[in-house]
Amino acid sequence: MSDYKALYQEVILDHNRKPRNYGALEHPSHHAEGRNPLCGDHITVALNLEGENIGAIAFQGESCAICKASASMMTTAVKGKTRADAEEITREFLAMATGKRDLDSLGHIGRLAVFAGVRDLPTRVKCAILPWHTLHAALNSIASTSTEAEEDPMHAPIGDA
Ligand code: ZN
């Protein structure tokens, strides 16, 4: 467990120092903004769908370390994937972060498993999942999403993960 925590810290720090795919896209085919009022996280995710594949993807905004690291890893995880694969990874990430499923039942998580620990930090779960909700919103042409939306995005039409 201590190795695991060390890895978690290392990955979060690394992605904060050097966030991947940070910035804006000039003419994204899909974009959305996401807010987590509990923490103050506010990010935008922009991407270009090329056919069914996610070509370029970028994020930017003001967020805490967990949200930024999650967004950075989200972009690297789904870049080049099909939209369907990206939605599947999103479902798995949400299931993992909210503790609904065990890691070994999730096939696409890979290095994202470092976020499994947030399930024990209830106040940080929404920070970790915000980028994924925002990706989901962007892929579905929903302009904005919030972790405190009337319809709780944890139960939004993202599948029954
Ligand atoms: Zn946060």
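(A) Summary view of the coordination of the zinc ion. Within the protein, Cys-39 (SG), Asp-41 (OD), Asp-41 (OD), Cys-64 (SG) and Cys-127 (SG) serve as the donor atoms for the zinc ion, at 2.2 to 2.6 Å. All donors to the zinc ion come from one chain, and their sequence spacing reads C-x1-D-x22-C-x62-C. Of this pair, Cys-39 sits in the loop between strand E1 (30–36) and strand E2 (41–50) while Cys-64 is found in the loop between strand E3 (53–62) and helix H2 (65–78), placing the two residues 25 residues apart along the sequence. Judged by relative accessible area, which is 35%, Cys-39 ranks as partly exposed. Cys-64 gets classed as buried once you look at its relative accessible area, which sits at 16%.

(B) A look at helix H3 (residues 83–97). Helix length check: H3 (15 residues) gives 21 Å between terminal C-alpha atoms against 21 Å at 1.5 Å per residue, within 8%. Each element contacted by the buried residues of H3 is listed here: E3, H2 and helix H4 (122–139). Gly-99, located one to two residues past H3, shows a positive phi value of around 75°.

(C) Inspection of the packing of aromatic side chains at higher detail. Applying the stated criterion to the full structure yields four aromatic pairs. An angle of 85° between the planes, with centres 6.4 Å apart, marks the rings of Tyr-8 and Phe-115 as edge-to-face. Taken together, the residues Tyr-8 in helix H1 (residues 2–17) and Phe-115 in the loop between H3 and H4 connect sequence positions 107 residues apart. As far as burial versus exposure is concerned, Tyr-8 and Phe-115 are alike and both buried. Over the aromatic face of Tyr-22 sits the side chain of Lys-68, whose NZ or CZ is 5.8 Å from the ring centroid.

(D) Main features of the pattern of salt bridges. The tally for this structure, following the rule as stated, stands at five salt bridges. For Arg-35, the salt bridge is made with Glu-33, and the minimal N-O distance between the two is 3.9 Å. Overall, the relative accessible area of 27% leaves Glu-33 in the partly exposed class. Here Glu-88 ties to Arg-91 by a salt bridge, and the two come within 3.1 Å at their closest N and O atoms. Of this pair, Glu-88 and Arg-91 both sit in helix H3, separated by three residues, roughly a single helical turn. Through salt bridges with shared partners, a single network forms among Asp-14, Lys-18 and Arg-20.

(E) View of the nonpolar core. Core analysis: the biggest nonpolar cluster contains 44 residues, and Val-78, Phe-93, Phe-115 and Trp-132 have the highest contact counts within it. Put simply, the parts of the chain that give this core at least two residues each are H1, E2, E3, H2, H3 and H4. With sequence-adjacent residues up to four places away left out, Trp-132 is seen in contact with Ser-70, Met-74, Ala-77, Val-78, Ile-89, Thr-90, Phe-93, Leu-94 and Leu-112.

(F) Just the confidence of the model for the chain, in detail. Mean pLDDT over the chain works out to 89, with 91% of the residues at or above the 70 mark. Segment residues 153–161 is flagged for pLDDT under 50; beyond a separation of four residues in sequence, or across chains, it makes 21 contacts in the model.

(G) Highlighting unusual backbone geometry. Positive phi outside glycine occurs at Asn-21, with the angle close to 55°. Relative to the assigned elements, Asn-21 resides in the loop between H1 and E1. Assessed through its relative accessible area of 21%, Asn-21 is described here as partly exposed.

The rules behind these values
- Residues numbered from 1 in each chain as written.
- Predicted model: local features only at pLDDT ≥ 70, side-chain atom pairs only at ≥ 80, totals over all residues.
- Heavy atoms only, no water.
- Donors = N, O, S within 2.8 Å, 3.2 Å for Na, K, Ca; no water.
- Helix = DSSP H or I, 4+ residues; strand = E, 2+ residues; numbered from the N terminus.
- Buried < 20%, exposed > 50% of the residue type's maximum accessible area, 1.4 Å probe, protein only.
- Expected span 1.5 Å × (residues − 1).
- Contact = heavy atoms within 4.5 Å.
- Phe/Tyr/Trp six-rings, centres within 6.5 Å; stacked < 30°, edge-to-face > 60°.
- Lys NZ or Arg CZ within 6 Å of the ring centre and 35° of its normal.
- Salt bridge = Lys/Arg side-chain N within 4 Å of Asp/Glu carboxyl O.
- Core = buried A, V, L, I, M, F, W, Y, C linked by side-chain atoms within 4.5 Å.
- pLDDT = per-residue confidence, 0-100.

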